[in-house]
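Residue strings, one per chain:
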Amino acid sequence: YTGWIGAYPSPDRTTSSVIGHLQHFQGRNQNIEFLYFDNAREYEDAAKQMNILRDSRDENRPQSDGVAERAMRTQLEGTRSLLFASGLPHSYWAEAAECFAANRNFSVPQRDTRKTAHQLRFGGKFKGQRFPFGCLVRYLPTAKREVDDRMKFDPKTRLGLFLGYKLHSGGVWS
């Protein structure tokens, strides 16, 4: 158990979107051994299709799964804190949730091992820079329209707000 958390905001609650999120979470070289959820039909169907062992908590009794409920509370409180500290509006909640999960995986040690979820999952410390959500950053534009709009003597970088990390399938960062 690595303690790795993922945030996958989704506009719908369909089996296909759950499968896509679970596949992104697991990555290419790892398997999800067990899925525990709250009786949501789309999770039940996704687990069946992906051949993942599963169980659900007692309906209408969130206290029957204290670990998952505590993780959700931590995620919600962390997301709320990032939005407040950044001064960004509620409409950025999805980006804040993903950024909170990533920074937590990179920096918060697990109680029993004193290693971060990133260390436990990948065998080493996160090698990238960590940034606070919503901070001012300079970035190198790659979008054609931004590159084409740059004048000859303009700086190559632009000012922007840091809204999170681009993690590849399985939580891999490069």
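Quick caveat: nothing in here was measured; it's all calculated off a predicted structure.

J.: Before we move on, can you summarise the overall build of the protein chain with the specific residues and values?
T.: Secondary structure summary: the protein chain contains six helices and four strands in total. Taken from the N to the C terminus, the helices and strands of the protein chain come in the order α-β-α-β-α-α-α-β-α-β. Over its C-alpha atoms, taken along the principal directions, the protein chain stretches across nearly 60 × 35 × 35 Å. Counting contacts in the protein chain only where the partners sit at least 6 residues apart, residues at least 24 apart contribute 50% of the total. Accessible surface for the protein chain amounts to roughly 12,200 Å². Of this, 52% is attributable to carbon and sulfur atoms. Charge separation in the protein chain, taken as the distance between the mean sites of 26 positive and 19 negative side-chain charges, equals 10 Å.

J.: Describe in detail the nonpolar core, supporting the description with residues and values.
T.: Leu82, Cys99, Phe106, Phe133, Phe162 and Tyr165 are the most contacted members of the largest nonpolar core, which has 15 residues in total. For this core, the secondary structure elements donating two or more residues are helix H3 (66-86) and helix H4 (93-107). The greatest single-element share of this core, amounting to five residues, is contributed by H4. Beyond its immediate chain neighbours, meaning those up to four positions away, Cys99 contacts Leu82, Phe133, Phe162, Leu163, Gly164 and Tyr165. Judged by nonpolar contacts, the second largest core, of 10 residues, contains Ile19, Leu22, Ala47 and Ile52.

J.: I'd like to hear about the pattern of salt bridges, residue by residue, with values.
T.: Applying the stated rule across the entire model yields seven salt bridges. Among the ionic pairs, Asp45 bridges to Arg41, the shortest N-O distance being 3.2 Å. Remark: Arg41 and Asp45 occur in helix H2 (residues 41-50); sequence separation between them is four residues, near one turn of the helix. The exposure class assigned to Arg41 is exposed, which follows from its relative accessible area of 54%. One salt bridge in this structure joins Glu44 and Lys48, with 3.9 Å as the shortest N-O distance. Placement of both Glu44 and Lys48 in helix H2 is noted, with a separation of four residues, approximately one turn of the helix. Taking the relative accessible area as the measure of exposure, Lys48 reaches 42% and is therefore partly exposed. A network of salt bridges, in which partner residues are shared, links Glu44, Lys48 and Arg54.

Rules and cut-offs
- Every chain is numbered independently, its residues counted from 1 as its sequence is written.
- At least 70 in pLDDT is required for a residue's local features to be given in this predicted model, at least 80 for side-chain atom pairs to be given and counted, and no such filter applies to totals for whole chains, interfaces and linings, which use all residues.
- As a rule here, side-chain values cover all heavy atoms of the structure and leave hydrogens and water aside.
- Helix numbering and strand numbering both begin at the N terminus, where a helix is a DSSP run of H or I of at least 4 residues and a strand a DSSP run of E of at least 2.
- Here, residues are in contact when the closest pair of their heavy atoms is within 4.5 Å.
- For accessible areas, the Shrake-Rupley method is used with a probe of radius 1.4 Å. Any residue's cover is judged against the shown protein chains and nothing else.
- Only four residue types enter the charge count: Lys and Arg as positive, Asp and Glu as negative, with His and the chain ends excluded.
- Each charge is placed at NZ for Lys, CZ for Arg, CG for Asp and CD for Glu.
- Among the buried residues, those of types Ala, Val, Leu, Ile, Met, Phe, Trp, Tyr and Cys that are joined through side-chain atoms within 4.5 Å form a nonpolar core.
- Exposure classes here rest on a 1.4 Å probe applied to the protein chains alone. A residue is buried below 20% of its type maximum, exposed above 50%, and partly exposed in between.
- What counts as a salt bridge is simple: a side-chain nitrogen of Lys or Arg found within 4 Å of a carboxyl oxygen of Asp or Glu.

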